[in-house]
Amino acid sequence: MLCSRFTDSTKWLHEYVVTLDFFGWSVFEDAITTRTRHALSTNVAEFLVQSAQRMQDTRQGNAMIDTLDALKPQKPALYSLDEESLMGQRFQVIPARYDSKGFLEVAVFNLELVTRTRKSNFLFLDWEDPATTIIQHRAFLKLDKRIFESRRALIEKKRHEIAMQRFDLRKEQMG
């Protein structure tokens, strides 16, 4: 709410992580990393898989592969991703997995695709333009179930308020 993911993605990710922390998600080693890759010569999905596979725990890479494999045949979801991200201008991918002790972990990949053209299905499109750049901000989080459970009532209340606001908007648009 403090800033737009399209105007200041670094500040937006920080605020996003602070909000998740309130709900019980803690950042590993309090670190959010940024990496820029120039001359993207493959598709964004392959870049994400390669990035995830370089992590210390290879299971996170497998979670990324599973996430992308599940998304690829879902045309309505890909269309929605195109629309909500402004054809890849800014978007997030958050693969999730359970660690060996049963704790839920997520990797938040906040990405920006910098290119001269915007195309649909940007995630699986091969980018051969040497001017295409991808900027990645990344954070790893683990869920503390005790904190999450203590906030569950607030989460449900907010979820209900948001759903009701959307319902009210639809009523106004139809009426």
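Look above for the structure.
Residues numbered from 1 in each chain as written. Predicted model: local features only at pLDDT ≥ 70, side-chain atom pairs only at ≥ 80, totals over all residues. Heavy atoms only, no water.

Okay, the environment of Ile-65 next. Along the polypeptide, Ile-65 turns up in helix H3 (residues 58-71). Linking Ile-65 and Leu-154, residues 89 residues apart in sequence, is a C-alpha distance of 33 Å. Apart from residues no more than four positions distant in its own chain, Ile-65 is found in contact with Val-49 and Gln-53. (Helix = DSSP H or I, 4+ residues; strand = E, 2+ residues; numbered from the N terminus. Contact = heavy atoms within 4.5 Å.)

Bringing H3 into the picture now. For H3, with 14 residues, the first-to-last C-alpha span of 20 Å sits near the 20 Å given by 1.5 Å per residue. Among all positions of H3, only Gln-60, Gly-61, Ala-63, Met-64 and Leu-68 are buried. Down the axis of H3, the sector holding all buried residues measures 155°, keeping them to one side. Turned more than 90 degrees away from the buried face of H3, the exposed residues are Thr-58, Asp-66 and Asp-69. On its buried side, H3 packs onto helix H2 (44-53), strand E2 (91-93), strand E3 (96-98) and strand E4 (104-114). (Expected span 1.5 Å × (residues − 1). Buried < 20%, exposed > 50% of the residue type's maximum accessible area, 1.4 Å probe, protein only. Arc of directions from axis to C-beta.)

According to the stated counting rule, one finds nine salt bridges in the structure shown. Across the pair Glu-112 and Arg-90 runs a salt bridge, and its minimum N-O distance is 2.4 Å. One end of the pair, Glu-112, is in strand E4; the other, Arg-90, is in the loop between helix H4 (75-84) and E2, with 22 residues separating them in the sequence. Here Glu-112 matches Arg-90 in class, with each residue buried. The salt bridge involving Asp-99 is made with Lys-142; its shortest N-O contact spans 3.1 Å. Highlighted residues: Asp-99 in the loop between E3 and E4 and Lys-142 in strand E5 (residues 133-143), separated in sequence by 43 residues. Looking at Asp-99, the relative accessible area reads 11%, which means it is buried. Its relative accessible area of 23% is what places Lys-142 among the partly exposed residues. Beyond isolated ion pairs, a larger network of salt bridges with shared partners links Arg-97, Asp-99, Glu-105 and Lys-142. (Salt bridge = Lys/Arg side-chain N within 4 Å of Asp/Glu carboxyl O.)

From the geometry alone we can't say anything about function, so treat these as descriptive.
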